[in-house]
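Report on the structure
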Amino acid sequence: MSARDWDAATYDRVSDIQLRWALEQLERLTLNGDEVVCDAGCGSGRVTALLVDLVPRGRVYGVDVAPSMAAHAAEALGDRAVILCQDLMELSLPEPVDVVFSNATFHWIPDHDALFSAIAHALKPGGRLMAQCGGRGNIDSFRRLADEVACEEPFAPYFTDWTRPWNYAGDDETAARLTAAGFSDVECWLEPRPVTPAEPRAFVQTVCLVRHLDPLPDELRGEFIDRVLARAAQPLVLEYVRLNMSATAGG
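Read on for an overview of the structure. (Residues numbered from 1 in each chain as written. Predicted model: local features only at pLDDT ≥ 70, side-chain atom pairs only at ≥ 80, totals over all residues. Heavy atoms only, no water.)

**Re helix H3 (residues 46–54)**
- Along H3, the residues that are buried comprise Val-47, Thr-48, Ala-49, Leu-51 and Val-52.
- Lining the buried residues of H3 we find helix H2 (16–27), strand E1 (36–40), strand E2 (59–64), helix H4 (67–77), strand E3 (82–85) and strand E4 (97–103). (Buried < 20%, exposed > 50% of the residue type's maximum accessible area, 1.4 Å probe, protein only. Helix = DSSP H or I, 4+ residues; strand = E, 2+ residues; numbered from the N terminus. Contact = heavy atoms within 4.5 Å.)

As structure tokens, then:
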């Protein structure tokens with residue numbers, strides 16, 4: 001599995017939390033049913049399938065940078081949607097879209113200025129962006145535990161040149177970036193959403209610690225997860241903070 005890839009099958013099984021967040025977003029998204037929609041960071045395709053159902057006379061593009069996620073979504077959706085394996089900072093769709101929807105993805109993208117510029121170019125004039133991702137303070141206490149363990153033997157040598165890959169932005173800075181990218185009607189806000197996963201070990205292995213495991217050899221990954229979980233309070237509560245955003249593309 002490459003450094004940016006995921007265990008798509010396990011993610012599909014344990015991502016009920018992310019699906020619930022997406023459903024809440026979709027309640028705020030008014031559609032006529034004939035729109036062209038992009039699911040930016042489509043993951044295993046669970047949310048993409050919901051978008052397909054909402055636009056029976058439209059079209060849906062699902063985009064994910066992880067090969068395993070794109071392959072899983074393509075297999076799950078067949079000809080109901082077009083799935084593309086792309087970096088969202090270099091988003092290139094076959095046609096302009098009415099809506100870019102995204103759930104639990106943007107915090108994995110290092111350059112939000114480039115991201116919002118690419119999305120603005122992908123949207124029709126007056127098209128809408130609706131997205132939610134991890135925001136400032138997201139799972140801070142759990143990540144600190146993971147960082148502590150990463151500094152210990154036998155793990156420390158593998159993290160010498162490791163770069164933390166997440167980008168948990170604040171609401172004000174995100175609103176400013178969206179405005180600079182040409183969006184109007186910009187709304188951004190942070191929302192605390194603590195979570196107790198039903199399958200704690202599988203969830204943190206597949207979601208929270210997925211990039212911590214990248215530099216480790218296979219034989220150390222299980223021990224790393226066990227040590228982090230041993231230091232966390234039980235039952236495991238992950239202090240998620242969601243960054244919500246909605247905006248309209250300029251003319």
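Moving on from the model shown.
**Section: the sheet that holds E2**
- The mixed open sheet is built from 7 strands, whose spatial order is E3-E2-E1-E4-E5-E7-E6. If you trace the sheet from one side to the other, it starts and ends with E3 and strand E6 (183–195), each paired once. This sheet shows a mean twist of 15° between the axes of neighbouring strands, independent of strand direction.
- When E2 meets E3, the two strands line up parallel, connected through 4 bridges. Looking at the pairing, Tyr-61 lines up with Val-82 of E3.
- Contacts from helix H7 (residues 171–180) reach strand E5 (123–134), E6 and strand E7 (238–249), with the element oriented near 150° to E6. (Pairing = 2+ DSSP bridges. Axes fitted to C-alpha atoms, helices over the stretch in contact; angles between N-to-C directions.)

**Comments concerning the packing of helix H6 (residues 140–150) against helix H9 (residues 218–231)**
- Contact pair H6 / H9: the axes reach a minimum separation of 9 Å and the direction vectors enclose 130°. Considering their axes alone, H6 and H9 lie oblique with respect to each other. You can see that H6 and H9 cross each other, and the crossing is right-handed. Note on element contacts: H9 touches H6 through Phe-224, Arg-227, Val-228, Leu-229 and Arg-231, opposite Phe-142, Leu-145, Ala-146, Glu-148, Val-149 and Ala-150.
- Residues belonging to the contact of H6 with H9 are distributed by class as follows: 8 nonpolar, no polar and 3 charged. (Parallel < 35°, antiparallel > 145°, perpendicular 65-115°, else oblique. Left-handed = near helix turned anticlockwise from the far one by under 90°. Nonpolar A, V, L, I, M, F, W, Y, C, P; charged D, E, K, R; others polar.)

**With respect to the packing of aromatic side chains**
- Applying the stated criterion across every chain yields a total of 7 aromatic pairs.
- On the basis of an interplanar angle of 65° and a centroid distance of 6.2 Å, the ring pair of Phe-106 and Phe-116 is categorised as edge-to-face. A residue pair is termed long-range when its members are at least 10 positions apart, and Phe-106 in the loop between E4 and helix H5 (112–122) and Phe-116 in helix H5 qualify at 10 residues. The pair formed by Phe-106 and Phe-116 is uniform in burial state, with each residue classed as buried.
- One residue, Arg-242, lies across the ring of Trp-21, its end atom 3.9 Å from the ring centre. (Phe/Tyr/Trp six-rings, centres within 6.5 Å; stacked < 30°, edge-to-face > 60°. Lys NZ or Arg CZ within 6 Å of the ring centre and 35° of its normal.)

Read these as spatial facts, not as claims about activity.
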